[in-house]
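Each chain, written out:
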Amino acid sequence: MRVALAIVAACAAPSTAAVGVNVPAPSHGPGTIVVTLAPTTPTKIVEGPFAVSSINPGSRLALAMGSNGCSGELAWFEYSGGGVAVGAGQTLCARSAAREPVTQGFSGHGE
């Protein structure tokens, strides 16, 4: 009976809210910021200065830079690989086009 209940719980529909443990950016030196993105929800990734050298998996991902966090009107662009420099006073924002929450790793270097 316990096995059947565990299987049902494991097969439940995914939540539309951000889930998981988010790992913040290092203040100095190399590191990876791990964030689970809810579908279509603008999410703050890191405040600059921070140089993102890669994003994994990076699929179906849009990015934007904001000066007041991730609210208001932002100019979104699709992530196509490579890095992103986040200057002092800027915030890197991300949103996923996937239909379920997706965990992304933003690897880079804090200044």
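In this report, the structure presented in the accompanying data block is examined. Each chain has its residues counted from 1, following the order in which its sequence is written. In keeping with the model being predicted, local features are shown solely for residues with a pLDDT of at least 70 and side-chain atom pairs are shown and tallied solely at 80 or more, while totals for entire chains, interfaces and linings include all residues. Derived side-chain values reflect all non-hydrogen atoms in the structure, with water molecules and hydrogen atoms excluded from consideration.

### Considerations on the overall build of the chain
Here is step 1: Labels follow the DSSP assignment, with helices taken as runs of H or I lasting at least four residues and strands as runs of E lasting at least two, numbered in each case from the N terminus. Looking only at helices and strands, the chain has 1 helix and 8 strands in total.
Here is step 2: Helices and strands appear in the chain in the N-to-C order α-β-β-β-β-β-β-β-β.
Here is step 3: Only heavy atoms enter the contact rule, under which two residues are in contact if any of them lie within 4.5 Å. Residue pairs in contact within the chain that sit at least 24 positions apart in sequence constitute 69% of those at least 6 positions apart.
Here is step 4: With an accessible surface of roughly 6500 Å², the chain has 58% of that area assigned to carbon and sulfur atoms. Residue exposure ignores everything except the shown protein chains as possible cover, and the areas themselves are Shrake-Rupley values with a 1.4 Å probe.

### Some points on the packing of aromatic side chains
Here is step 1: Aromatic pairing here means that ring centres of Phe, Tyr or Trp (its six-membered ring) are within 6.5 Å. Orientation follows from the plane angle: under 30 degrees is stacked, over 60 is edge-to-face, and everything else is tilted. Inspection of every chain in the model, using the stated rule, returns 0 aromatic pairs.
Here is step 2: Geometrically, a lysine NZ or arginine CZ counts as sitting over a ring once it is within 6 Å of the ring centre and also within 35 degrees of the ring normal. For R95, the ring lying beneath its charged end belongs to W76, and the centroid distance is 4.2 Å.

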